[in-house]
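Structural characterization, general
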Amino acid sequence: MALHCPECGFVVTEGANYCQRCGAYVGTREDTRDDVTTATYVIDEQTGELRPVDVGDVAAATGALVIRAGGGRVGQSFPLEGERLTIGRSPDAEIFLDDVTVSRDHAVLVRRSGAWHLDDSGSLNGTYVNRRRIDSHKLEDGDELQVGKYKLTYLAR
């Protein structure tokens, strides 16, 4: 099984600690641990302050997105509620990503037949799932989404 750089996706040489293309730390397979957890938070709607939450609780109902990289917001989580959520640079977006490479109306998450689908909204720079540009994609647990400089992970319920 090939080891890919978490930043650029390059297939790195077995045993390498750093990506030969971008220089990011990739570690070795022995470095990966099953007991590693991610601290996550939501922004309290009343106070605007960060509130720590258990990511399992956030994803328990219908799933969640968690920011894994980008914009200094690593760990912020978004519970997937309702039938439709917008992603974009517009302050009105349910998942607001403030980055010039993110379109105002970049993408939309839609529930279809009980599953979440990610649809690109004609964005200039594209929407990616697992490092592949998509127009529409049915999300599976653990999928990595990239919108601009943000990398998010989809967690199924």
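Rules used in this analysis
Residues numbered from 1 in each chain as written. Predicted model: local features only at pLDDT ≥ 70, side-chain atom pairs only at ≥ 80, totals over all residues. Heavy atoms only, no water. Buried < 20%, exposed > 50% of the residue type's maximum accessible area, 1.4 Å probe, protein only. Helix = DSSP H or I, 4+ residues; strand = E, 2+ residues; numbered from the N terminus. Pairing = 2+ DSSP bridges. Core = buried A, V, L, I, M, F, W, Y, C linked by side-chain atoms within 4.5 Å. Contact = heavy atoms within 4.5 Å. Polar contact = N/O pair within 3.5 Å; in protein donor to acceptor, adjacent residues only side chain to side chain. Salt bridge = Lys/Arg side-chain N within 4 Å of Asp/Glu carboxyl O. pLDDT = per-residue confidence, 0-100. Lys, Arg positive; Asp, Glu negative; His and termini not counted.

**Some points on the pairing of strand S9 (residues 107–112)**
Here S9 lies mainly inside the structure; 5 of its 6 residues are buried. Summarising the sheet, S9 and strand S10 (residues 115–120) pair through 6 bridges and their orientation is antiparallel. Within the sheet, the bridge partner assigned to Arg112 lies in S10 and is Ala115.

**Comments concerning the sheet that holds strand S7 (residues 84–88)**
Judged by pairing direction, the sheet is mixed, and its 5 strands sit side by side in the order S8-S7-S9-S10-S13 without closing on themselves. Strands with a single pairing partner mark the edges of an open sheet, and in this sheet they are strand S8 (95–96) and strand S13 (136–138).

**Details of the nonpolar core**
Counting residues in hydrophobic clusters, the biggest one holds 21 residues, and the most contacted among them are Leu65, Ile87, Leu97, Leu109, Leu118, Leu139 and Leu145. Every element with two or more residues in this core is listed here: strand S5 (64–69), S7, S9, S10, strand S14 (144–147) and strand S15 (150–155). If you tally residues by element for this core, the top one is S15, at 3 residues. When sequence neighbours within four positions are dropped, the list of residues in contact with Leu145 reads Leu65, Leu118, Tyr128, Val129, Leu139, Tyr150, Lys151, Leu152 and Tyr154.

**Digging into unusual backbone geometry**
Positive phi, normally seen in glycine, also occurs at Ser113, with a value near 50°. Among the structural elements, Ser113 can be located in the loop between S9 and S10. The residue Asn130 is not glycine, and still its phi comes out positive at about 50°. Along the chain, the position of Asn130 falls in the loop between strand S11 (127–129) and strand S12 (132–134).

**Structural notes on the side chain of Ser123**
On the secondary structure map, Ser123 appears in the loop between S10 and S11. Exposure remark for Ser123: the relative accessible area of 8% places this residue in the buried category. Within polar-contact distance, the side chain of Ser123 engages the side chain of Asp120 at 2.6 Å. Ignoring any residue separated from it by four or fewer positions in sequence, one finds Ser123 in contact with Ser103, His106 and Arg133.

**Section: the pattern of salt bridges**
Per the stated rule, a full pass over the model turns up 1 salt bridge. The closest approach of N and O atoms between Arg112 and Asp119, which form a salt bridge, is 2.2 Å. Overall, the relative accessible area of 32% leaves Arg112 in the partly exposed class.

**Quick word on the environment of Asn17**
Within the secondary structure, Asn17 sits in the loop between strand S2 (11–12) and strand S3 (40–43). For the pair Asn17 and Cys5, spaced 12 residues apart in sequence, the C-alpha to C-alpha distance is 9.8 Å.

**Digging into the confidence of the model for the protein**
Across the protein, the average pLDDT comes to 82, with 76% of residues at 70 or higher. Low pLDDT, under 50, characterises residues 29–36; the predicted model gives this stretch 6 contacts beyond four residues in sequence or across chains.

**Regarding the side chain of Arg111**
For Arg111, the position within the fold is in strand S9. For the buried Arg111, no salt bridge is present, and the opposite-charge side chain at shortest range is Glu83, 4.2 Å distant. Here Gly114 takes part through its backbone oxygen, which lies 3.3 Å from a polar atom of the side chain of Arg111. Dropping the residues within four chain positions of it, Arg111 is found in contact with Thr62, Gly82, Glu83, Trp116 and Arg157.

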